[in-house]
Amino acid sequence: MKKLVIAICSILVVCLGLGLAAQKLEGNSSSSGNKNLIIYNWGDYIDPKLIKKFEKQTGYHVIYETFDSNEAMYTKIKQGGTGYDIAVPSDYMISKMRKANLLEKINTKKIPNFKYIGSQFLGKSFDPKNEYSIPYFWGTLGIVYNDKYVKQGSIKHWDDLWKKNYRHNILLVDSARDIMGLSLASMGASMNTKDSLKLKMAKTKLDGLGPNVKAIISDELKMYMIQNEAAIGVTWSGEARTMLDSNSHLHYVVPPEGSNLWFDNIVIPKTAKNKKAAYAFINFMLEPHNAAQNAEYIGYATPNIKAQALLPKEIRDDKQFYPSQQAMKNLQVYQDLGPKKVQEYNDLFLEFKMYGR
Amino acid sequence: MKKRKLIFLVPYLAWIALFVIMPIILITVYAFRDEHGFTLSNFSQFFTNGTFLRMTLNSFWYAFLITALTLLISYPTAYILSRMKNQQFWLLLIILPTWINLLLKAYAFIGIFGKGGLVNSFLGLFGIGPANILFTNAAFIFVAAYIELPFMILPIYNAICDVDPAVMQAASDLGANKWQAFKRVLWPLSKSGVQAGIEAVFIPSLSLFMLTRLIGGNRVITLGTAIEEYFMTTMNWSMGSTIGVVLIFLMIIVMISTSSSASRRKKREVKL
């Protein structure tokens, strides 16, 4: 018994000591005054060297926290008690946060580097006047295939996924909007449709895809595609970039009949405590050299035109990741359809997961 | 003296109130509400929707299969274990896997069942081409059974150990063959352990959702999957809570139906 008490006490003492030491270390780097900038971003979604550079240039101390889904981020910011100065939600989530009055207005005049952002990335439906958000990265939804199992060039359209020879060989990303959306796009319908009949038809068409589907997963998809586990995967361009970099047999295709165009954007939540630092950070990230460095590190497409020009030629000219203006015409940005319709999309998707096999 | 005993109860009661009773009350409240106030529509939606009913059936069916498989493996194991020499050591080996994080074990199975994994390379030795093992129902049931195994073996082992070996000897002295002795003596006497094991395995299996995703590739859909979707994706908390409440009721039914017969059995003890 005595030994146990001693053991427990010593563990407690060690924990206390470590805690104090950690606090002291933190305290040293952030001296008095509001020199902290708290960033709430997706995991591994910024080049860490840029954070170091920003700290050095401006003297702010950056605290970097991460989330893994828009919904988780929304819930945390909505519940309050957080002091995030910067967050990076996706398009539909911005309209949702705006409606919930969670976003601070951004005065783009105070951001000199804002001018480098291409006009085709501004004024999108989720923020028509760009009052609340600054585009950070953008990308598409598409098909990754492995030329070990699939003849190169034989997959061009969504409909190719339905072919019988890919039985039990397709991995889908676990996202109702995207999978329902690809079925809608393959029928020539809008990916934002609110028409219940069209949605039902899209779901019925998806059921036909069921036998080809091997699994419906999220982050693990990347690993499986790299390990040649499946012939075809449906995923986002950013994920595809990482896969392509690790496995030369993989190719990425965006079907020309239509696909999703998504944006991740920098916003300033209402909870921000240090707006000045937030503005400084946004401007810093939009600086073309920094934006190019970040884009090269992350592998997603940057909306910063000047930065695009600074990227290595093979990245810049890759039509699958930087599609031409013409190809971008058929890409659709998801709109916030309201809880009722979102539920309908998800219910149909759940039904597909259950019955379609 | 009595007062001091009450003081010791305080942490326990606080724990139960905060982490068991409060959450149950909260999800019950959510289940009976929508944006306008009190409603029963969530439940009527649940019980009139084919998808939900099918999902409930699915959950039951898979939980049943997992429990049956674990029982099939556990009973003989527990029996052999109780007749072995270094029992503590063998017991330790069975408990050991529970020290490893569940996620880690699931990831290990991804490696084992994958196309280039252990099983397929082994099959490859005999010229059998890479088979689809990962993301099948069989793989899901196998991994779930593997994870639940210790929770079935332990109560059965304890129950068998409690059976006086003399009782078994008496049975054979009186002319019972091995099968009869098992059927008439050992099985009834160890049944309480079996029931405890079934409860410990069946109830968590009803709402397994992480394994359905990692090993089942979301091709096995149970109520757990739906709860996750309603809470995390669509943020329709009242419907998610409704599914939760239904699940709690199912679990209570399972508890009552197994424990009522267990308590009757408990009195069956043979002393020689």
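Since the model is a prediction, treat every value here as computed from it, not as a measurement. (Residues numbered from 1 in each chain as written. Chains lettered and ligands numbered in written order. Predicted model: local features only at pLDDT ≥ 70, side-chain atom pairs only at ≥ 80, totals over all residues.)

In this section: the overall build of chain A. Scanning chain A for helices and strands turns up 14 helices and 10 strands. Over its C-alpha atoms chain A spans a radius of gyration of 23 Å, differing by no more than 12% from the 21 Å that the globule rule assigns to 357 residues. Considering only residue pairs separated by 6 or more positions, chain A has 77% of its internal contacts joining residues 24 or more positions apart. (Helix = DSSP H or I, 4+ residues; strand = E, 2+ residues; numbered from the N terminus. Rg over C-alpha atoms; globule rule 2.2 N^0.38 Å. Contact = placed C-beta atoms within 7 Å.)

Listed by partner, the interface residues are 20 residues for chain B and 20 residues for chain A. Looking at which element gives the most residues to the side of chain B that touches chain A, the answer is helix α11 (residues 223-233) of chain B, with four residues.

Looking now at the pairing of strand β5 (residues 170-173) of chain A. Residues and elements named next belong to chain A. Bridge analysis of β5 against strand β6 (residues 213-217) gives four bridges, and the strand direction is parallel. Bridging from a neighbouring strand, L171 pairs with A215 of β6. Bridge count for β5 against strand β7 (residues 232-236) is three bridges, and the pairing is parallel. From the neighbouring strand, L172 faces β7, where its bridge partner is V234. (Pairing = 2+ DSSP bridges.)

What follows covers the UniProt feature "domain: ABC transmembrane type-1" (unreviewed entry) in chain B. The feature "domain: ABC transmembrane type-1" (unreviewed entry), as annotated in UniProt, sits at residues 56-258 of chain B in this numbering. Segment residues 56-258 of chain B splits into 78% helix and 0% strand. End C-alpha atoms: 19 Å apart. (UniProt positions renumbered as here; feature names shortened; annotations may be inferred.)

Let us now look at the nonpolar core. With 149 residues, the main nonpolar core has I86, L171, M180 and I232 of chain A together with A144 and I156 of chain B as its most contacted residues. If you tally residues by element for this core, the top one is helix α7 (residues 137-162) of chain B, at 15 residues. Among the domains, domain 1 (34-138 + 263-316) and domain 2 (139-261 + 324-355) of chain A are the pair contributing at least three residues each to this core. Setting aside residues no more than four positions away along its own chain, A144 of chain B makes contact with I66, S205, L208 and L211 of chain B. (Core = buried A, V, L, I, M, F, W, Y, C linked by C-beta atoms within 7 Å. Buried ≥ 20, exposed ≤ 12 C-beta atoms within 10 Å, placed from the backbone. Domains from an automatic or database assignment.)

Attention now moves to the domain arrangement of chain A. Residue and element names in this part refer to chain A. Taken as a whole, chain A is organised into domain 1 (34-138 + 263-316) and domain 2 (139-261 + 324-355). For domain 1 and domain 2, the distance between their C-alpha centres works out to 27 Å. Each side of the interface is counted separately: domain 1 has 13 residues, and domain 2 has 13 residues. Contributions of two or more residues to the side of domain 1 that touches domain 2 are made by α4 (91-99) and β4 (133-146).

This part covers the UniProt feature "transmembrane region" (unreviewed entry) in chain B. The feature "transmembrane region" (unreviewed entry), as annotated in UniProt, sits at residues 12-32, 60-82, 89-110, 122-147, 193-215 and 235-258 of chain B in this numbering. Within the segment residues 122-147 of chain B, helix and strand shares are 58% and 0% respectively, and the terminal C-alpha atoms sit 23 Å apart.

We now examine the environment of K105 of chain B. All names here are of chain B. Tracing the backbone shows K105 in helix α5 (residues 102-113). Between the C-alpha atoms of K105 and I147, which are 42 residues apart in sequence, the distance is 8.3 Å. Once residues within four sequence positions are removed from consideration, K105 is found in contact with P97, I100 and I147.

The UniProt feature table records "signal peptide" (unreviewed entry) at residues 1-21 of chain A. For residues 1-21 of chain A, the helix share is 95%, the strand share is 0%, and the end-to-end C-alpha distance is 30 Å.

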